[in-house]
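Coordinate analysis (summary)
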Amino acid sequence: MPSPSKNAAHYGLAWLALILATLAGLAWWWQIGRPVDLPDAPSARIACVSYAPFRKPGETPYDIHFMMTPQRIDEDLRALSQRFDCVRTYSQGNGLAAVPSIAARYHMQVLMGIWLGGVPKQNEKEVEQAIATANANPKAIRGIIAGNEVLLRGDLSPRQLTAYIQRVRAAVPKEIPVTYADVWENWLRYPQMASVVDYITIHILPYWEDHPVAAIDAVHHVEDVYAHMQHVFPGKQLMIGETGWPSAGRLRRSAEPSLVDEALYLREFLRYAAGVNMAYNVIEAFDQPWKRAQEGTVGGYWGIFDSDAKPKFPMIGPVTEVARWWLGWLSGVACAFAFAVAGTWQRRWRGIRGWTALLLAGFAAGTSAAWQVRQMLFACDGWWQWLLSAACLAGALAIAIALARRIAAHLADHHDHSEPAQWWRFGALFALVLYDILLAFDGRYMDFPMGLFLLPCIAYGVFGLLTHERSMPSAEQRFMACVGPLLAIVPIVDEAGMSKVTWLWLGLNLAIAVPIWVAWRWHAARLQSQQA
């Protein structure tokens, strides 16, 4: 059996873990609620912005039968004309062919997109509609973008793409320039495309680079890329067709999606663009909920305006990540009260230490649950996602409450000899390892649900410091306790060790796994001594 001094050390570590978890919850919510001073933009007016009107639930360009009404487009462009001189579209379908004629009412111009893909029949329809629209509205069209990242997706070969571009060039007025848009690296892979277009349109998205760039360094990266492209294609006009920063989603190395970082990037980019008098287009006008299914949470949050058409941040002055940050603390207080109430049921211990442990555990759990709810608000799309996420969070809170009661009993010097909740731990481990597998093998667009797994992992970690299991953990739990941390190393390697979230994810895997390793080793040694 463990010595008294060892027990004392473990009790001290348990108290330290509870206190640190509580302080972390306090500090995190306080920190994201502080106004952050940022450099002001030179103007609130922006040259051009990507426009897609699919900002309400159920609206998606993948539904070829869905038609956006001219009234909605008119409403959007009337509002956008107050801030933008131009909008960029990506296709002719879903009613978007009406954009140039409506934009002309508000003295706006259009970078008109033609969506080209791997379906020839659909390509023909797009090209024919675009030619007709351009000929009907020549003064409203600043340029035609024939194809968006077609070569990146591999939908067409350079030869096939060239044929479409030349066809459009021959059929529209000469004063309307025709271009093709792709990530800047693809123009280096296919330099022959430069001779086909009237000017080169490049996409520079520091967050999505193969080596992501932090927001604070992102504009310097844009400067370097732009200068390099000018050197590679001398005498050819360049335009940045897409650049921007997401306000929510998955951390990629040091590139963090956040409202503050989106404001920082956009303000600094506008200062740079004004200084060099460059042509540019920002992505995008409105948050696009439909993109979450395609690119994960981050895909839905590139807008300057949210999906309700409200500005997400000002262009001058400080920016606050979460205005109602105090709701995180309020959630902590509510959960602390709930944990204390739960602690009164069949209580067999006395003393202030037990109540203190319950209150600390409850507050930490509440701030963590609020973190997860905030992530659900960004990520969930549809009732079934809400239902599943809510059920998982309720289960995690139930585990945390059950273990907090036992932790409180131990810290109050009442030695509770009951076994840990084996089936609950099995369920938590199974869910964690399942998510580990997804993140390891297909995690590019997946969020880390930290707030959800903090609850059972930290609870079992603290509980493991205070108890010694009377029976050997099951073979399944031992297997998962070994596999989980190994899988959790994969995202760390993928992110070159630069993402703080991946390290925290590994820590959660270890928190729930280490007590199983200790019990496994202790029982194996005990069995070996009995056999000897």
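Refer to the preceding data block for the structure.
Every value quoted in this text rests on a predicted model; they were computed, and no experiment measured them.

1. Looking at empty space enclosed by the protein
By the definition in use, this model includes 1 cavity of 30 Å³ or more. Taken as a whole, the largest cavity spans an internal volume of roughly 40 Å³. Lining the largest cavity are Gly244, Trp245, Glu262, Leu266, Val282, Ile283, Trp302 and Ile304. Along the lines of polarity and charge, the residues of the lining of the largest cavity split into 6 nonpolar, 1 polar and 1 charged.

2. Overview of the environment of Pro138
You can see Pro138 is positioned in the loop between helix H4 (120-136) and strand S4 (141-148). Residue classification places Pro138 among the partly exposed positions, given a relative accessible area of 29%.

3. Let's talk about helix H17 (residues 500-531)
Compared with an ideal rise of 1.5 Å per residue, which puts 32 residues at 46 Å, H17 spans 46 Å between its outermost C-alpha atoms and is within 8% of the ideal. When the local axis directions of H17 are compared, the greatest deviation, roughly 35 degrees, occurs at Ala513, which is followed within four positions by the proline Pro515. For H17, the complete set of buried residues consists of Thr502, Trp505, Leu506, Leu508, Asn509, Ala511, Ile512, Ala513, Pro515, Ile516, Ala519 and His523. Looking at the packing, one finds that the buried side of H17 touches helix H14 (422-442), helix H15 (450-466) and helix H16 (475-494).

4. Focus: the packing of H4 against helix H6 (residues 158-171)
For the pair H4 and H6, the least separation of the axes is 10 Å and the interaxial angle reads 25 degrees. It follows that H4 is roughly parallel to H6 by the angle criterion. Judged by the twist between their axes, the crossing of H4 over H6 is right-handed. Mapping the contact onto sequence places Pro120, Asn123, Glu124, Val127, Glu128, Ile131 and Asn135 in H4 and Tyr164, Arg167, Val168 and Ala171 in H6. Residue classes in the contact of H4 with H6 are distributed as 6 nonpolar, 2 polar and 3 charged.

5. So, the state of the cysteines
All chains considered together, the criterion is met by 1 disulfide. One disulfide bridge connects Cys48 with Cys86, the sulfur atoms lying 2.3 Å from each other. An S-S torsion of about -45 degrees defines the bridge between Cys48 and Cys86 as left-handed. Of the two residues, Cys48 sits in strand S1 (residues 46-50) while Cys86 sits in strand S2 (residues 84-88), which places them 38 residues apart along the sequence. You'll find Cys48 and Cys86 in the same group, each marked buried. Its sulfur unpaired, Cys335 is 17 Å from the next cysteine sulfur, which belongs to Cys392. Residue class for Cys335 comes out buried when judged on its relative accessible area of 14%.

6. Quick word on the sheet that holds S2
The strand order S1-S2-S3-S4-S5-S6-S7-S8 describes an open sheet built from 8 strands, whose pairing is parallel. Since the sheet does not close on itself, it has two edges, and those belong to S1 and strand S8 (279-280), each with one partner. As paired strands, S4 and strand S5 (residues 178-183) are joined by 3 bridges and run parallel to one another. Across the sheet, residue Asn148 finds its bridge partner in S5, namely Ala181.

7. Some points on the pattern of salt bridges
All chains considered together, the criterion is met by 18 salt bridges. Its salt-bridge partner being Glu124, residue Arg167 comes within 2.8 Å of it at the nearest N-O pair. In this pair, Arg167 sits in helix H6 while Glu124 sits in helix H4, placing the two residues 43 residues apart along the sequence. A relative accessible area of 29% means that Glu124 is categorised as partly exposed.

Cut-off values and rules
- Residues numbered from 1 in each chain as written.
- Predicted model: local features only at pLDDT ≥ 70, side-chain atom pairs only at ≥ 80, totals over all residues.
- Heavy atoms only, no water.
- 1 Å grid on protein atoms, 1.4 Å probe; cavity = no way out; pocket = protein on both sides within 12 Å on 5 of 7 lines; lining within 4 Å.
- Points joined across faces, edges and corners; volume = space filled by probe spheres on them.
- Nonpolar A, V, L, I, M, F, W, Y, C, P; charged D, E, K, R; others polar.
- Helix = DSSP H or I, 4+ residues; strand = E, 2+ residues; numbered from the N terminus.
- Buried < 20%, exposed > 50% of the residue type's maximum accessible area, 1.4 Å probe, protein only.
- Expected span 1.5 Å × (residues − 1).
- Bend = angle between axes of the 7 residues up to and from the residue.
- Contact = heavy atoms within 4.5 Å.
- Axes fitted to C-alpha atoms, helices over the stretch in contact; angles between N-to-C directions.
- Parallel < 35°, antiparallel > 145°, perpendicular 65-115°, else oblique.
- Left-handed = near helix turned anticlockwise from the far one by under 90°.
- Disulfide = S-S within 2.5 Å.
- Pairing = 2+ DSSP bridges.
- Salt bridge = Lys/Arg side-chain N within 4 Å of Asp/Glu carboxyl O.

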